[in-house]
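Working through the structure, step by step
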Amino acid sequence: MRLIQETDFGTPASRTEKTVTLTVDGFEVTVPEGTSVMRASMEAGIQIPKLCATDMVDAFGSCRMCLVEIEGRRGTPSSCTTPVADGMVVHTQTEQLKGLRRGVMELYISDHPLDCLTCAANGDCELQDMAGAVGLRDVRYGYEGDNHVQTRNGDQPNMRWMPKDESNPYFTYDPSKCIVCSRCVRACEEVQGTFALTIEGRGFDSRVSPGMHEDFLSSECVSCGACVQACPTATLTEKSVIEIGQPEHSVVTTCAYCGVGCSFKAEMRGEELVRMVPYKDGKANRGHSCVKGRFAWGYANHKDRILNPMIRETIDEPWREVSWEEALSFTANKLKSLQKDYGKNSIGVITSSRCTNEETFLVQKLTRAVFGNNNTDTCARVCHSPTGYGLGQAFGTSAGTQDFDSVEHTDVVIVVGANPTDGHPVFGSRLKKRLREGAKLIVIDPRRIDLVRTPHVAASHHLPLKPGTNVAVMTALSHVIVTEGLMDEAFIRERCDWDEFQDYAEFVSDEKHSPEATEAYTGVPAGELRAAARLFATGGNGAIYYGLGVTEHSQGSTTVMAIANLAMLTGNIGRPGVGVNPLRGQNNVQGSCDMGSFPHELPGYRHVKLPEVREIFESLWGVEIDPEPGLRIPNMLDAAVDGTFKGIYIQGEDILQSDPDTHHVAAGLAAMECVIVHDLFLNETANYAHVFLPGSTFLEKDGTFTNAERRINRVRKVMSPKNGYADWEVTQLLANAMGANWTYTHPSQVMEEIAATTPSFANVTYDLLEEKGSVQWPCNDANPEGSPVMHVDGFVRGKGKFIVTEYVATDERTGPRFPLLLTTGRILSQYNVGAQTRRTPNSVWHDEDRLEIHPHDAEQRGIRDGDYVRLASRAGETSLRALITDRVAPGVVYTTFHHPGTQANVITTDYSDWATNCPEYKVTAVQVTPSNGPTEWQVEYEEQAKQARRIVHAEPAE
Amino acid sequence: MSPDKLVRMANQIATFFRSKPHDEGVAGVADHINNFWEPRMRAQLFDLYAQGGEGLDALVIEARDKIRPVTQSA
């Protein structure tokens with residue numbers, strides 16, 4: 001193993017196909033037109049000295065180090081800003097250039113500290129490298145005089161000197177080391193798109209400044225790390241590097257946070273992780289990252305992490321630490337006796353969307369092959385199950401149709417029920433980049449998300465619909481397109497079922513679906529909706545990106561179908577730049593669905609009722625598979641309350657915090673006799689558990705994650721599991737304790753089994769992933785290199801199916817008792833239930849859930865910003881602090897659900913999507929009133945949680 | 001699960017299929033329940049039918065004969 005050094009070509013690649021040939025130092029090189037001389041030289045293997053250039057951002061031409069001579073041209077142009085031309089003859093090293101570069105370097109170093117030996121960037125400093133490259137031997141100007149380096153000039157304080165800014169928890173800004181190359185400023189603009197940094201002052205006064213001379217933490221900085229990565233010196237440095245030192249080897253792996261699935265280099269020193277650096281060859285993130293993946297990995301070593309198995313007979317006892325053998329035999333005996341007493345269907349599993357494909361596959365195999373039932377479900381139930389159902393019906397398969405690169409070819413984007421800059425930040429940055437290039441944006445969301453108006457990006461249309469009216473709005477968009485004749489008839493005739501389309505057209509043309517008719521209950525101005533529909537239908541490549549604001553409704557599946565209708569209607573399927581793109585919540589939620597986590601389908605989305613599919617697994621596993629669908633998560637909890645479901649193995653999920661109607665979840669868990677939680681921490685669900693099996697982090701195991709673009713990315717082990725076993729090994733131990741005879745010794749063997757049984761994974765092997773870096777399924781003989789875009793020549797199901805989408809108002813309605821509508825979402829710095837991010841310094845950005853409320857609603861209730869308020873629905877009540885903002889419309893309130901103390905899901909109800917039982921998180925009728933502090937429930941809950949987390953430690957063996 | 005909740009879930013399915021031609025709608029409701037409802041839930045639905053099907057949507061009532069009987073016990 002070694003430290004992976006990615007080549008920095010200095011300027012971004014040119015996308016043109018036309019090539020030109022030039023000569024650099026006598027070597028001929030052929031590159032695309034538009035390439036810089038600097039990049040062309042690097043392609044030829046000749047590195048021109050540079051400081052302000054790096055290939056993540058556009059050329060700037062400020063440092064004057066990359067000068068070259070070009071035959072027939074006067075002067076010494078900078079190679080980063082000079083495009084290549086056919087027949088150009090370039091010299092990168094001449095007497096003149098040597099002298100110039102050394103002179104420039106001498107000036108740089110005259111205002112730079114000479115503490116290289118004790119500097120955190122020692123060994124990883126481009127300034128140091130360039131000083132060496134140009135042969136700098138002397139600084140004739142000395143180090144006295146005007147400078148930014150010394151705290152004092154003689155007996156006077158040096159007013160140019162600025163102290164180090166250590167306000168950001170993850171990196172420091174040391175102005176004394178800054179050479180003002182502005183790479184950080186440009187990375188913040190061009191890569192991240194936040195524009196938090198600028199250069200203040202002029203000439204010798206120039207300094208990098210977050211915002212208006214603020215510190216990093218108080219500025220708009222979102223801590224994505226792009227500036228730190230871009231910095232050629234120690235000016236911006238990870239605190240972990242300052243503390244530990246430079247890494248010595250690195251391993252490419254995949255982030256375990258959101259569904260974007262960014263590739264990172266885990267840079268290591270021995271088994272100690274020094275830093276995570278986004279990998280430029282990562283096809284999802286293209287070298288970019290967000291604060292979570294880049295920095296928030298400290299939870300892996302957090303003191304709360306449980307490393308030993310624990311058991312207890314009843315949940316009011318303290319936990320007892322035991323050996324793995326004891327824990328597993330205790331568990332296996334309990335599960336077996338439950339099946340004996342209550343039947344084989346009395347137990348089940350929940351697979352994890354945070355674990356690997358291989359681990360998920362084994363957990364569903366455990367229930368199907370060892371427990372002998374289909375009681376398996378996963379957190380996709382509560383997020384994207386309607387995507388599976390809706391897209392399955394319309395297109396024939398249930399995944400996003402594009403890769404993330406596709407957005408670079410998009411002309412009009414609809415973002416509906418998603419907040420990419422918070423929930424999927426790296427995709428959000430890629431989207432913003434395209435919008436700055438001129439693509440148009442339509443946002444459909446009850447809340448004014450950041451994308452509606454953010455530096456250099458503004459939505460053409462924001463349709464602030466009332467929560468729960470998605471179907472009406474999407475159908476009204478189709479109404480305008482059909483009645484105004486803006487549909488792509490050629491596409492529909494060729495690719496879709498024409499008869500079904502005509503039925504659909506008749507349905508959608510009805511006046512009652514017009515924006516004028518729906519405005520009364522959607523709250524979306526008709527004129528704005530018409531303009532948005534026209535823009536989407538006529539603006540070129542149209543792509544729809546959506547999130548849980550679409551799916552988590554009573555009509556979630558119907559909205560997904562409406563989205564599919566809209567894409568087909570406008571011919572926006574089957575090529576780059578278009579498509580239907582569900583933004584998946586968790587790192588491997590796509591994979592957990594692919595791996596057969598749902599109770600009705602085996603891996604590869606094939607229903608358990610199909611004998612030919614069961615036969616594949618039955619012959620391989622030597623068992624009989626139940627042809628009946630199993631219980632979904634909400635059904636499991638109902639059955640538990642009814643007394644017919646008694647035991648559950650939950651891998652890497654915290655259903656008590658994440659699932660709706662907490663009281664009901666708690667009642668279900670409390671009714672079970674054996675709850676097994678397999679996790680990193682004693683999460684909220686573990687308060688009701690009888691067995692705790694310690695889990696391993698993504699840094700501690702091999703496997704694969706599949707991201708929202710169907711990309712199968714490798715997860716690579718960089719350190720030994722602190723708990724002793726990778727999660728797939730724990731599941732295997734449990735299966736074997738139950739009498740199975742599994743003998744996997746590496747996750748690659750599980751992937752072999754997946755490939756052998758699942759057609760869309762047929763050609764996936766670890767060798768292929770090693771060779772290609774990643775592949776997008778389907779990956780089989782028909783698509784040996786995977787499939788970046790789906791439905792290219794035809795839909796998976798044959799003809800695309802238009803489905804009538806009648807709007808039905810949810811039963812969850814406002815009334816005198818509960819006059820406001822609550823909707824929920826995420827924030828950038830926290831992730832899901834917060835189990836990981838709350839255990840990192842990310843909490844400095846968000847240490848509590850707040851209730852966003854419109855000033856009008858707040859005033860009526862006498863609520864001031866920051867006041868504690870009581871938030872009540874028919875399901876329950878909680879309290880949290882108010883945040884008064886006009887981001888939400890009057891009548892709508894909003895909160896996040898990252899903190900267990902808030903328990904936002906005490907409020908949400910048991911209403912769910914008609915097709916999939918996906919809970920209706922996004923619409924709850926509530927009342928908000930002033931409050932003095934925590935509710936009785938919160939106080940009781942905290943006490944109960946404290947009691948439930950007591951541990952009796954095992955005596956150390958003599 | 002409470003009978004009210006089961007009735008609500010069944011009726012939600014019926015509501016979606018109401019926009020289909022009638023026979024297709026009946027078949028759609030039955031298929032959906034057959035594909036996604038675990039035997040315990042179907043058994044409870046048959047109990048409701050046996051008690052007269054109070055509160056159930058007409059489409060759900062009509063789908064009765066197309067819903068797969070429950071053979072195994074929980």
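Note that the structure is predicted; figures quoted are calculated from it, not measured. Residue positions are given per chain, counted from 1 along the sequence in the order it is written. Note on labels: chains are lettered from A, ligands numbered from 1, in written order. Where local features are concerned, this predicted model is filtered to residues with pLDDT of at least 70; where side-chain atom pairs are given and counted, the filter is 80 or more; whole-chain, interface and lining totals use all residues. Calculated side-chain values reflect all of the structure's heavy atoms, with hydrogen atoms and water omitted.

Attention now moves to the overall build of chain A. Only DSSP runs of H or I reaching four residues or more are called helices, and only runs of E reaching two or more are called strands; each is numbered from the N terminus. Counting its secondary structure elements, chain A contains 29 helices and 39 strands. With the principal axes as the frame, chain A shows a C-alpha extent of 90 × 85 × 65 Å. In chain A, the share of contacts with a sequence separation of at least 24, taken over all contacts with a separation of at least 6, comes to 72%. In these tables, accessible area is a Shrake-Rupley quantity obtained with a 1.4 Å probe, and a residue counts as shielded only by the protein chains included in the view. About 33400 Å² of surface is accessible on chain A, with carbon and sulfur atoms providing 49% of the total. A positive count includes Lys and Arg, and a negative count includes Asp and Glu. His and the chain ends are not counted in either. Working definition for charges: the position is that of NZ of Lys, CZ of Arg, CG of Asp or CD of Glu. Charge centroids of chain A, computed over 91 positive and 126 negative side chains, lie 2 Å from each other. Contacts are residue-level and defined by heavy atoms, with any inter-residue pair within 4.5 Å sufficient.

Broken down by element type, chain B carries 4 helices and 0 strands. For chain B, the N- to C-terminal ordering of α and β elements is α-α-α-α. Taken over the C-alpha trace, chain B has a radius of gyration of 11 Å; the compact-globule value for 74 residues is 11 Å, and the two agree within 12%. Overall, the C-alpha framework of chain B stretches about 35 × 20 × 20 Å when taken along its three principal axes. For chain B, buried positions account for 55% of its 74 residues. Counted over contacts in chain B with a minimum sequence separation of 6, partners at least 24 positions apart contribute 66%. Summing over all exposed atoms, chain B offers an accessible surface of approximately 3400 Å²; the carbon and sulfur share of this is 51%. For chain B, the separation between the mean place of its 9 positive charges and that of its 10 negative charges on side chains is 6 Å. In this setup the radius of gyration rests on C-alpha atoms only. A globule is expected at 2.2 Å times the number of residues raised to 0.38. Between buried and exposed lies partly exposed: a residue is buried under 20% and exposed over 50% of the maximum accessible area for its type, with that area taken using a 1.4 Å probe on protein chains only.

Here we come to helix α21 (residues 611-621) of chain A. Residue and element names in this part refer to chain A. Along α21, the residues classified as buried are Val613, Arg614, Phe617, Glu618 and Trp621. Across the axial projection of α21, the buried residues extend over an arc of 130°, all falling on one side. Pointing more than 90 degrees away from the buried face of α21 are the exposed residues Glu612 and Ser619. Where the residues of α21 are buried, they touch α9 (357-371), β25 (601-602), β26 (606-607) and α26 (747-757). A positive backbone phi angle near 65° is found at glycine 622, which sits one or two residues after α21. In this description, the arc belongs to the directions extending from the helix axis to the C-beta atoms.

Whenever strands of a sheet pair, they do so through backbone hydrogen bonds, lying parallel or antiparallel. Here, strands pair whenever DSSP counts at least two bridges between them. Spatially, the 4 strands line up as an open sheet ordered β2-β1-β4-β3 (chain A), and their pairing is mixed. Every interior strand has two partners, whereas the edge strands, β2 (27-32) and β3 (69-70) of chain A, have only one.

Below, the discussion takes up the domain arrangement of chain A. Residues and elements named next belong to chain A. The start and end points of each domain follow an automatic or database-based domain assignment. Looking at the assigned domains, one finds that chain A contains domain 1 (19-133), domain 2 (152-301), domain 3 (325-380 + 589-776), domain 4 (385-582) and domain 5 (820-947). For domain 2 versus domain 3, the distance between C-alpha centres works out to 38 Å. Of the residues lining the interface, 20 residues belong to domain 2; the matching set on domain 3 comes to 20 residues. A side-chain nitrogen of Lys or Arg and a carboxyl oxygen of Asp or Glu constitute a salt bridge if their distance falls within 4 Å. Linking domain 2 with domain 3 are 0 salt bridges. Any pair of N or O atoms that falls within 3.5 Å is considered a polar contact. Within protein, one atom must be able to donate a hydrogen and the other to accept it, and sequence-neighbouring residues count only if both atoms are side-chain atoms. Our count for the contact surface shared by domain 2 and domain 3 stands at 9 residue pairs in polar contact (both at pLDDT 80 or more). Of all the secondary structure elements, the ones that give two or more residues to the side of domain 2 that touches domain 3 are β11 (249-254), β12 (263-269) and β13 (272-278). Considering every element that reaches the side of domain 2 that touches domain 3, the biggest residue donor is β11, with 4 residues. Lys, Arg, Asp and Glu make up the charged group, whereas Ala, Val, Leu, Ile, Met, Phe, Trp, Tyr, Cys and Pro make up the nonpolar group; the residues left over, Gly among them, are polar. In terms of residue class, the side of domain 2 that touches domain 3 is made up of 12 nonpolar, 6 polar and 2 charged.

Turning our attention to the packing of aromatic side chains. Residues and elements named next belong to chain A. Working definition: rings of Phe, Tyr and Trp (its six-membered ring) pair if their centres are within 6.5 Å, and the pair is stacked with planes under 30 degrees apart, edge-to-face with planes over 60 apart, and tilted otherwise. Using the criterion set out here, one finds 29 aromatic pairs over all chains in the structure. Between tyrosine 257 and tyrosine 299, the ring centres sit 6.2 Å apart and the planes meet at 70°, which makes this aromatic pair edge-to-face. Of this pair, tyrosine 257 sits in the loop between β11 and β12 while tyrosine 299 is found in the loop between α7 (291-295) and β14 (310-311), placing the two residues 42 residues apart along the sequence. Exposure remark for tyrosine 257: the relative accessible area of 4% places this residue in the buried category. Aromatic rings pair up to connect Tyr170, Phe171, Tyr173, Phe216, Phe295 and Trp845 into one cluster.

Moving on, we get to the packing of helix α16 (residues 515-522) of chain A against helix α17 (residues 526-538) of chain A. How two helices pack is summed up by the angle between their axes together with the distance between the axes. Residues and elements named next belong to chain A. Axes here refer to lines fitted to C-alpha atoms; in helices the fit is confined to the stretch in contact. Angles between the N-to-C directions go from 0 to 180 degrees. Packing of α16 against α17 leaves a shortest axis separation of 9 Å and a crossing angle of 120°. Here α17 runs oblique to α16, going by the angle between their axes. The two elements α16 and α17 meet at a crossing, and its hand is right-handed. Here α16 contributes Pro515, Glu516 and Glu519 to the contact with α17, which in turn contributes Ala526, Leu529 and Arg530. Should an angle fall under 35 degrees it is called roughly parallel, over 145 degrees roughly antiparallel, and 65 to 115 degrees roughly perpendicular, with every other angle called oblique. In this scheme, a crossing is called left-handed if the near helix is turned counterclockwise away from the far one by less than a right angle; it is called right-handed if the turn is clockwise.

Moving on: the interface of chain A and chain B. With 37 residues of chain A at the contact, the number on the chain B side is 25 residues. Once two parts are put together, the accessible area they lose, assessed with a 1.4 Å probe and summed over both, is termed the buried area. When the two sides are added together, the surface that chain A and chain B hide from each other amounts to roughly 2600 Å², 48% of it contributed by carbon and sulfur. Taken together, chain A and chain B are joined by 5 salt bridges. A salt bridge links A:Glu628 to B:Arg68, with the nearest nitrogen and oxygen atoms 2.9 Å apart. Our count for the chain A to chain B interface comes out at 12 residue pairs in polar contact (both at pLDDT 80 or more). Elements that contribute at least two residues to the side of chain A that touches chain B include exactly α19 (556-569) and α22 (633-642) of chain A. Looking at the side of chain A that touches chain B, the element that brings in the most residues is α22(A), giving 4 residues. The class makeup of the residues in the side of chain A that touches chain B is 13 nonpolar, 13 polar and 11 charged.

Residue and element names in this part refer to chain A. Position of threonine 908 relative to the elements: it lies in the loop between β37 (892-896) and β38 (924-930). A polar atom in the side chain of threonine 908 sits 3.0 Å from the side chain of asparagine 905. Ignoring anything within four residues of it in the chain, the contact list for threonine 908 reads Pro660, Asp661, Ala875, Tyr921 and Thr924.

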